[in-house]
Amino acid sequence: MTPLVATAVLLAAVTHASWNALAHHIPDKLVGFALISGGGMVIGLATVPFTAVPAAGAWPYLSASAVIHIAYYVLLMRSFRLGDFGQAYPIARGTAPLVVTLLAALFAHEVPDGWAATGIAVSCAGLTGVALWGLRGHRPNWAAIGAALATGLTIAAYTVVDGLGVRASGSSLGYIAWLMAVQGSVIPAYALYRLRAETLSVLRPFAALGLLGAALSVSAYALVLWAQTRAELAPIAALRESSVKSCSCSNSFAGQGTVRDHPVQGMEVMIVCRTAVATVGRK
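Residues numbered from 1 in each chain as written. Predicted model: local features only at pLDDT ≥ 70, side-chain atom pairs only at ≥ 80, totals over all residues. Heavy atoms only, no water.

Overview of the overall build of the chain
- Helix and strand counts for the chain come out as 13 helices and zero strands.
- Starting at the N terminus and ending at the C terminus, the chain contains elements arranged as α-α-α-α-α-α-α-α-α-α-α-α-α.
- Here the chain holds 283 residues, and the buried ones make up 53% of them.
- Restricting the contact set of the chain to residue pairs at least 6 apart, pairs at least 24 apart contribute 89%.
- For the chain, the accessible area works out to roughly 12200 Å², and carbon and sulfur atoms hold 69% of it. (Helix = DSSP H or I, 4+ residues; strand = E, 2+ residues; numbered from the N terminus. Buried < 20%, exposed > 50% of the residue type's maximum accessible area, 1.4 Å probe, protein only. Contact = heavy atoms within 4.5 Å. Areas by Shrake-Rupley, 256 points an atom, 1.4 Å probe, with all protein chains shown as cover.)

Here's the deal with empty space enclosed by the protein
- Overall, the coordinates contain two cavities of 30 Å³ or more when judged by the stated rule.
- Size it by volume and the largest cavity reaches roughly 90 Å³.
- Surrounding the largest cavity, H16, W19, H69, Y72, Y73, Y158, M180, Q183, S217, A220, Y221 and R240 form its lining.
- Breaking the lining of the largest cavity down by element, the ones donating at least two residues are α1 (3–24), α3 (59–82), α7 (172–183) and α10 (207–228).
- Residue classes in the lining of the largest cavity are distributed as seven nonpolar, four polar and one charged.
- What the second largest cavity holds in volume is close to 30 Å³.
- Mapped by element, the contributors of at least two residues to the lining of the second largest cavity are α2 (29–47), α7 and α10.
- Per-element accounting of the lining of the second largest cavity gives the leading share, four residues, to α2.
- Considered class by class, the residues forming the lining of the second largest cavity number six nonpolar, four polar and no charged. (1 Å grid on protein atoms, 1.4 Å probe; cavity = no way out; pocket = protein on both sides within 12 Å on 5 of 7 lines; lining within 4 Å. Points joined across faces, edges and corners; volume = space filled by probe spheres on them. Nonpolar A, V, L, I, M, F, W, Y, C, P; charged D, E, K, R; others polar.)

So, the packing of α1 against α2
- Contact pair α1 / α2: the axes reach a minimum separation of 8 Å and the direction vectors enclose 140°. When the axes of α1 and α2 are compared, the pair comes out oblique. Along its contact with α1, which presents W19, A23 and H24, the element α2 presents K29, F33 and I36.
- Classifying every residue of the contact of α1 with α2 gives four nonpolar, one polar and one charged. (Axes fitted to C-alpha atoms, helices over the stretch in contact; angles between N-to-C directions. Parallel < 35°, antiparallel > 145°, perpendicular 65-115°, else oblique.)

Below, the structure is given as structure tokens:
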């Protein structure tokens, strides 16, 4: 992984953390995700005329990714509703890199060398440690943990599917534009079905926040997709999860999250993870 690619992934991580934090701070999770998903669809549709259409070989991956992303949104909403954001988020994000490593080896024939594997393992251990620290002295909420683990599996699935798809597409910008356009209507349509006549009045107070989240979400994933065309999937996935550190620190400033009691320790763990993965396989 070159320094340029590592920088792009770290920027994507911070941007991704920002939109997740925005979604968390909208009280009604359906409203938040409807705005973010719908805003992403609008951005995708607006971008499509100015980008290349993905190659035919990319469309099966793009279609599968759209379905997986919808499942991801549903599970992430459930995780946010059931558990502490500072616990659910690290579990969801920490599960993904190990699963990505296995799936990438199986489907992309990318087997990390010893140093890369060590970096990935350290990253996952750090994220898991953040989550477990927050459970000290409390009875685990197994429903929330289960939802977070399921969310992590969807993250791993769309990471690998999109990594293969964007490489086959011929245009990372075209791929992200079409992906947002295809997947973005489902959550807003469900919100419209649930809220009916109250839809506009419920969405309006959070419209600006939700649309900002949409722009951040699209930007973050566009950077990741570009990086996936230039480096192996597993190290990118592990480095991307440094977003958890950013989210945890944001929550500590807001008086939330599990790292607020020991922010220095949490920061040290994530710095180790960043350094271990970012310096692996550098060319």
